[in-house]
Amino acid sequence: MNKQRKADLLLVMVTAFWGASYFLTDLCLETMPPLCLNAFRFLVAFAVLGTVYCRKLRRISRKTWRYALLIGASLVMVYGCYVYGIMHTSISNAGFICALPVIFTPLLELVVLRKLPSRRFALALVICTVGLGLMTLNETFRPALGDIICMGTAFFYAVDLLLTDRAVRDSEVDPLQLGVLQLGVVGVIMLILTLTLEQPHLPADGKTWGAALFLAVFCTGIAFVIQAVQQQYTTASHVGLIFTLEPLFSAMVAYFFAHEVLGLRGYIGAALMMLSLVLMEVDIVAIIKQKLTKKP
(Lines give C-alpha, C1' and ligand atoms only; values in the text may rest on other atoms or scores of the structure.)
Protein backbone atom coordinates (compact mmCIF):
# COMPACT_ATOMS: atom_id res chain seq x y z
CA MET A 1 0.00 0.00 0.00
CA ASN A 2 1.50 3.36 -1.05
CA LYS A 3 1.70 6.31 1.33
CA GLN A 4 -1.12 8.26 -0.33
CA ARG A 5 -3.51 5.31 -0.18
CA LYS A 6 -2.65 4.72 3.50
CA ALA A 7 -3.11 8.42 4.27
CA ASP A 8 -6.49 8.48 2.52
CA LEU A 9 -7.68 5.43 4.48
CA LEU A 10 -6.60 6.94 7.80
CA LEU A 11 -8.44 10.13 6.87
CA VAL A 12 -11.55 8.05 6.14
CA MET A 13 -11.26 6.76 9.73
CA VAL A 14 -10.99 10.36 10.95
CA THR A 15 -14.13 11.18 8.97
CA ALA A 16 -15.91 8.28 10.69
CA PHE A 17 -15.01 9.79 14.08
CA TRP A 18 -16.40 13.13 12.96
CA GLY A 19 -19.53 11.44 11.65
CA ALA A 20 -20.08 9.93 15.10
CA SER A 21 -19.49 13.33 16.68
CA TYR A 22 -22.92 14.59 15.54
CA PHE A 23 -24.69 12.07 17.77
CA LEU A 24 -22.27 12.68 20.65
CA THR A 25 -22.53 16.44 20.32
CA ASP A 26 -26.31 16.20 20.43
CA LEU A 27 -26.02 14.35 23.74
CA CYS A 28 -23.63 16.92 25.19
CA LEU A 29 -25.66 19.95 24.12
CA GLU A 30 -28.54 18.77 26.27
CA THR A 31 -26.63 20.09 29.30
CA MET A 32 -23.65 22.13 27.96
CA PRO A 33 -23.51 25.47 26.08
CA PRO A 34 -22.05 25.11 22.56
CA LEU A 35 -18.93 27.25 22.93
CA CYS A 36 -18.28 25.67 26.33
CA LEU A 37 -18.46 22.23 24.73
CA ASN A 38 -15.98 23.31 22.04
CA ALA A 39 -13.61 24.71 24.68
CA PHE A 40 -13.82 21.50 26.72
CA ARG A 41 -13.36 19.36 23.64
CA PHE A 42 -10.22 21.10 22.38
CA LEU A 43 -8.58 21.78 25.74
CA VAL A 44 -8.94 18.15 26.88
CA ALA A 45 -7.60 16.96 23.52
CA PHE A 46 -4.63 19.32 23.86
CA ALA A 47 -3.96 18.22 27.44
CA VAL A 48 -4.03 14.50 26.56
CA LEU A 49 -1.86 14.75 23.45
CA GLY A 50 0.43 17.32 25.05
CA THR A 51 1.09 14.83 27.85
CA VAL A 52 1.67 11.92 25.47
CA TYR A 53 3.99 13.85 23.16
CA CYS A 54 5.55 16.22 25.73
CA ARG A 55 9.10 15.27 24.73
CA LYS A 56 8.43 16.08 21.08
CA LEU A 57 7.04 19.49 21.99
CA ARG A 58 10.18 20.82 23.64
CA ARG A 59 11.69 22.43 20.57
CA ILE A 60 9.12 24.07 18.33
CA SER A 61 10.12 26.13 15.31
CA ARG A 62 8.70 29.60 14.66
CA LYS A 63 7.05 28.39 11.48
CA THR A 64 5.29 25.60 13.36
CA TRP A 65 3.96 28.15 15.86
CA ARG A 66 2.95 30.50 13.05
CA TYR A 67 0.99 27.84 11.19
CA ALA A 68 -0.55 26.53 14.42
CA LEU A 69 -1.92 30.02 15.13
CA LEU A 70 -3.23 30.45 11.58
CA ILE A 71 -4.82 26.99 11.37
CA GLY A 72 -6.18 27.26 14.90
CA ALA A 73 -7.81 30.59 14.04
CA SER A 74 -9.40 29.09 10.93
CA LEU A 75 -10.78 26.20 13.01
CA VAL A 76 -12.28 28.68 15.48
CA MET A 77 -14.11 30.27 12.55
CA VAL A 78 -15.20 26.82 11.33
CA TYR A 79 -16.74 25.81 14.65
CA GLY A 80 -18.08 29.29 15.36
CA CYS A 81 -19.91 29.51 12.02
CA TYR A 82 -21.25 25.99 12.48
CA VAL A 83 -22.67 26.67 15.95
CA TYR A 84 -24.38 29.94 15.04
CA GLY A 85 -25.37 28.81 11.54
CA ILE A 86 -27.23 25.76 12.76
CA MET A 87 -29.25 27.98 15.13
CA HIS A 88 -30.84 29.72 12.12
CA THR A 89 -31.37 26.90 9.62
CA SER A 90 -32.40 23.25 9.46
CA ILE A 91 -30.13 20.33 10.31
CA SER A 92 -30.35 18.96 6.75
CA ASN A 93 -29.40 22.32 5.21
CA ALA A 94 -26.50 22.75 7.64
CA GLY A 95 -25.33 19.18 7.01
CA PHE A 96 -25.11 19.79 3.28
CA ILE A 97 -23.64 23.28 3.37
CA CYS A 98 -21.04 22.52 6.06
CA ALA A 99 -19.77 19.63 3.92
CA LEU A 100 -19.00 21.94 0.99
CA PRO A 101 -15.21 22.19 1.55
CA VAL A 102 -15.12 19.60 -1.25
CA ILE A 103 -16.32 22.43 -3.51
CA PHE A 104 -14.36 25.30 -1.98
CA THR A 105 -11.01 23.46 -1.75
CA PRO A 106 -10.39 22.95 -5.50
CA LEU A 107 -11.83 26.42 -6.17
CA LEU A 108 -9.38 28.00 -3.72
CA GLU A 109 -6.58 25.90 -5.23
CA LEU A 110 -7.55 27.24 -8.64
CA VAL A 111 -7.65 30.87 -7.46
CA VAL A 112 -4.65 30.85 -5.11
CA LEU A 113 -2.39 28.16 -6.58
CA ARG A 114 -3.58 28.22 -10.21
CA LYS A 115 -3.98 24.45 -9.90
CA LEU A 116 -6.56 22.81 -12.16
CA PRO A 117 -8.29 19.65 -10.85
CA SER A 118 -7.93 16.47 -12.89
CA ARG A 119 -10.84 15.21 -14.99
CA ARG A 120 -11.20 12.14 -12.79
CA PHE A 121 -11.38 14.27 -9.66
CA ALA A 122 -13.88 16.60 -11.34
CA LEU A 123 -16.10 13.62 -12.15
CA ALA A 124 -15.80 12.29 -8.59
CA LEU A 125 -16.59 15.78 -7.31
CA VAL A 126 -19.81 16.01 -9.35
CA ILE A 127 -20.98 12.54 -8.29
CA CYS A 128 -20.14 13.20 -4.64
CA THR A 129 -21.95 16.54 -4.65
CA VAL A 130 -25.08 14.99 -6.16
CA GLY A 131 -24.96 12.15 -3.63
CA LEU A 132 -24.45 14.53 -0.73
CA GLY A 133 -27.41 16.58 -1.86
CA LEU A 134 -29.65 13.51 -2.13
CA MET A 135 -28.64 12.46 1.37
CA THR A 136 -29.05 15.76 3.17
CA LEU A 137 -31.33 18.18 1.29
CA ASN A 138 -35.08 18.12 1.61
CA GLU A 139 -37.76 19.49 -0.69
CA THR A 140 -38.18 22.69 1.36
CA PHE A 141 -34.64 24.00 0.91
CA ARG A 142 -34.69 27.80 1.10
CA PRO A 143 -31.65 30.03 1.58
CA ALA A 144 -31.67 31.77 4.97
CA LEU A 145 -29.30 33.65 7.25
CA GLY A 146 -28.20 30.35 8.79
CA ASP A 147 -27.41 28.93 5.34
CA ILE A 148 -25.15 31.90 4.61
CA ILE A 149 -23.37 31.53 7.97
CA CYS A 150 -22.89 27.79 7.32
CA MET A 151 -21.23 28.71 4.03
CA GLY A 152 -18.59 30.30 6.25
CA THR A 153 -18.02 26.90 7.86
CA ALA A 154 -17.30 25.33 4.49
CA PHE A 155 -15.13 28.23 3.34
CA PHE A 156 -12.97 28.39 6.46
CA TYR A 157 -12.55 24.61 6.53
CA ALA A 158 -11.30 24.75 2.95
CA VAL A 159 -8.88 27.44 4.13
CA ASP A 160 -7.83 25.11 6.97
CA LEU A 161 -7.18 22.27 4.51
CA LEU A 162 -5.03 24.45 2.26
CA LEU A 163 -3.09 25.95 5.19
CA THR A 164 -2.47 22.47 6.59
CA ASP A 165 -1.44 21.19 3.16
CA ARG A 166 1.07 24.04 2.81
CA ALA A 167 2.34 23.72 6.38
CA VAL A 168 3.06 19.98 6.37
CA ARG A 169 5.07 20.30 3.16
CA ASP A 170 7.41 22.86 4.76
CA SER A 171 10.61 21.23 6.03
CA GLU A 172 10.70 23.61 9.03
CA VAL A 173 7.25 22.51 10.24
CA ASP A 174 6.79 19.40 12.37
CA PRO A 175 3.34 17.93 11.46
CA LEU A 176 2.90 16.24 14.86
CA GLN A 177 3.71 19.42 16.78
CA LEU A 178 1.40 21.34 14.47
CA GLY A 179 -1.45 18.90 15.08
CA VAL A 180 -1.12 19.23 18.87
CA LEU A 181 -0.54 23.00 19.03
CA GLN A 182 -3.53 23.90 16.88
CA LEU A 183 -5.77 22.13 19.41
CA GLY A 184 -4.43 24.35 22.18
CA VAL A 185 -4.97 27.48 20.09
CA VAL A 186 -8.61 26.59 19.41
CA GLY A 187 -9.20 25.56 23.02
CA VAL A 188 -7.84 28.82 24.48
CA ILE A 189 -9.80 31.02 22.07
CA MET A 190 -12.99 29.01 22.65
CA LEU A 191 -12.46 29.28 26.42
CA ILE A 192 -12.20 33.06 26.18
CA LEU A 193 -15.35 33.15 24.04
CA THR A 194 -17.39 30.95 26.37
CA LEU A 195 -16.30 32.93 29.45
CA THR A 196 -17.36 36.10 27.64
CA LEU A 197 -20.60 34.98 25.98
CA GLU A 198 -21.92 32.04 28.03
CA GLN A 199 -22.15 30.57 31.50
CA PRO A 200 -19.75 27.62 31.09
CA HIS A 201 -19.85 24.48 33.20
CA LEU A 202 -18.53 20.92 33.10
CA PRO A 203 -20.62 17.92 31.94
CA ALA A 204 -23.51 17.28 34.32
CA ASP A 205 -23.73 13.47 34.30
CA GLY A 206 -21.89 10.28 33.36
CA LYS A 207 -23.46 10.04 29.91
CA THR A 208 -22.40 13.57 29.03
CA TRP A 209 -18.91 13.01 30.45
CA GLY A 210 -18.47 9.90 28.30
CA ALA A 211 -19.68 11.62 25.14
CA ALA A 212 -17.60 14.75 25.79
CA LEU A 213 -14.42 12.76 26.48
CA PHE A 214 -14.88 10.67 23.32
CA LEU A 215 -15.35 13.91 21.38
CA ALA A 216 -12.19 15.35 22.92
CA VAL A 217 -9.85 12.35 22.61
CA PHE A 218 -10.95 10.58 19.42
CA CYS A 219 -12.98 13.09 17.41
CA THR A 220 -10.62 15.98 18.16
CA GLY A 221 -7.19 14.99 19.47
CA ILE A 222 -6.46 11.85 17.48
CA ALA A 223 -8.42 13.05 14.45
CA PHE A 224 -6.66 16.38 14.00
CA VAL A 225 -3.20 14.92 14.61
CA ILE A 226 -3.84 12.22 11.99
CA GLN A 227 -5.00 14.92 9.58
CA ALA A 228 -1.90 17.06 10.17
CA VAL A 229 0.53 14.12 9.90
CA GLN A 230 -1.08 12.22 7.02
CA GLN A 231 -2.06 15.17 4.82
CA GLN A 232 1.58 15.51 3.76
CA TYR A 233 1.17 12.22 1.85
CA THR A 234 -1.99 13.18 -0.05
CA THR A 235 -3.58 16.34 -1.51
CA ALA A 236 -5.94 18.95 -0.07
CA SER A 237 -8.51 18.10 -2.75
CA HIS A 238 -8.42 14.40 -1.80
CA VAL A 239 -8.88 15.35 1.85
CA GLY A 240 -11.79 17.63 1.01
CA LEU A 241 -13.55 14.87 -0.94
CA ILE A 242 -12.93 12.25 1.77
CA PHE A 243 -14.40 14.55 4.40
CA THR A 244 -17.68 14.69 2.47
CA LEU A 245 -18.27 11.15 3.76
CA GLU A 246 -18.96 12.68 7.17
CA PRO A 247 -22.76 12.86 6.61
CA LEU A 248 -22.71 9.21 5.54
CA PHE A 249 -21.03 8.08 8.75
CA SER A 250 -23.31 10.38 10.72
CA ALA A 251 -26.35 8.70 9.16
CA MET A 252 -24.95 5.25 10.01
CA VAL A 253 -24.42 6.19 13.67
CA ALA A 254 -27.89 7.75 13.82
CA TYR A 255 -29.39 4.54 12.39
CA PHE A 256 -27.79 2.24 14.96
CA PHE A 257 -27.95 4.47 18.04
CA ALA A 258 -30.81 6.90 17.42
CA HIS A 259 -32.89 4.56 15.20
CA GLU A 260 -33.10 7.08 12.36
CA VAL A 261 -33.80 5.56 8.93
CA LEU A 262 -32.86 7.10 5.57
CA GLY A 263 -35.35 7.17 2.74
CA LEU A 264 -34.68 5.69 -0.69
CA ARG A 265 -33.19 8.97 -1.88
CA GLY A 266 -30.80 9.00 1.06
CA TYR A 267 -29.52 5.49 0.34
CA ILE A 268 -29.00 6.37 -3.33
CA GLY A 269 -27.05 9.44 -2.23
CA ALA A 270 -24.89 7.36 0.11
CA ALA A 271 -24.12 4.91 -2.71
CA LEU A 272 -23.10 7.78 -5.00
CA MET A 273 -20.80 9.18 -2.33
CA MET A 274 -19.08 5.81 -1.93
CA LEU A 275 -18.75 5.59 -5.73
CA SER A 276 -17.06 9.00 -5.80
CA LEU A 277 -14.48 7.81 -3.26
CA VAL A 278 -13.76 4.72 -5.36
CA LEU A 279 -13.34 6.87 -8.47
CA MET A 280 -10.92 9.12 -6.62
CA GLU A 281 -8.82 6.24 -5.34
CA VAL A 282 -8.90 3.93 -8.36
CA ASP A 283 -8.27 4.97 -11.97
CA ILE A 284 -11.00 2.76 -13.43
CA VAL A 285 -10.51 4.04 -17.00
CA ALA A 286 -6.79 3.18 -16.91
CA ILE A 287 -7.56 -0.29 -15.55
CA ILE A 288 -10.12 -0.94 -18.32
CA LYS A 289 -7.67 0.25 -20.99
CA GLN A 290 -4.98 -1.98 -19.53
CA LYS A 291 -7.32 -4.96 -19.59
CA LEU A 292 -8.37 -4.25 -23.18
CA THR A 293 -4.82 -3.82 -24.48
CA LYS A 294 -3.42 -6.77 -22.55
CA LYS A 295 -2.61 -9.63 -24.87
CA PRO A 296 -4.09 -13.04 -24.02
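Just so we're clear, the structure is a prediction, and the values are computed from it rather than from any experiment. (Residues numbered from 1 in each chain as written. Predicted model: local features only at pLDDT ≥ 70, side-chain atom pairs only at ≥ 80, totals over all residues. Heavy atoms only, no water.)

## Things to note about the overall build of the chain
Now for step 1: From N to C terminus, the chain includes 13 helices and zero strands.
Now for step 2: Going from N to C terminus, the chain has its helices and strands arranged as α-α-α-α-α-α-α-α-α-α-α-α-α.
Now for step 3: Looking at the chain as a whole, 50% of its 296 residues qualify as buried.
Now for step 4: Across the chain, every contact between residues at least 6 apart in sequence was considered, and the portion connecting residues at least 24 apart equals 91%.
Now for step 5: Total accessible area on the chain is roughly 15100 Å²; 68% of this is exposed by carbon and sulfur atoms. (Helix = DSSP H or I, 4+ residues; strand = E, 2+ residues; numbered from the N terminus. Buried < 20%, exposed > 50% of the residue type's maximum accessible area, 1.4 Å probe, protein only. Contact = heavy atoms within 4.5 Å. Areas by Shrake-Rupley, 256 points an atom, 1.4 Å probe, with all protein chains shown as cover.)

## So, the side chain of Thr234
Now for step 1: For Thr234, the position within the fold is in the loop between α9 (206-230) and α10 (236-242).
Now for step 2: Beyond its immediate chain neighbours, meaning those up to four positions away, Thr234 contacts Gln4, Ala7, Asp8, Leu11, Asp165, Arg169 and Val239.

## Details of the side chain of Ser21
Now for step 1: Following the sequence through the fold, Ser21 ends up in helix α1 (residues 3-28).
Now for step 2: Since its relative accessible area comes to 7%, Ser21 is described here as buried.
Now for step 3: In this structure the side chain of Ser21 is engaged in a polar contact, spanning 2.4 Å, whose partner is the backbone oxygen of Trp18.
Now for step 4: Setting aside residues no more than four positions away along its own chain, Ser21 makes contact with Arg41, Leu215 and Cys219. (Polar contact = N/O pair within 3.5 Å; in protein donor to acceptor, adjacent residues only side chain to side chain.)

## Brief notes about the environment of Leu132
Now for step 1: Along the chain, Leu132 falls in helix α6 (residues 119-136).
Now for step 2: Once residues within four sequence positions are removed from consideration, Leu132 is found in contact with Phe96, Ala99, Leu137, Thr244, Pro247 and Met273.

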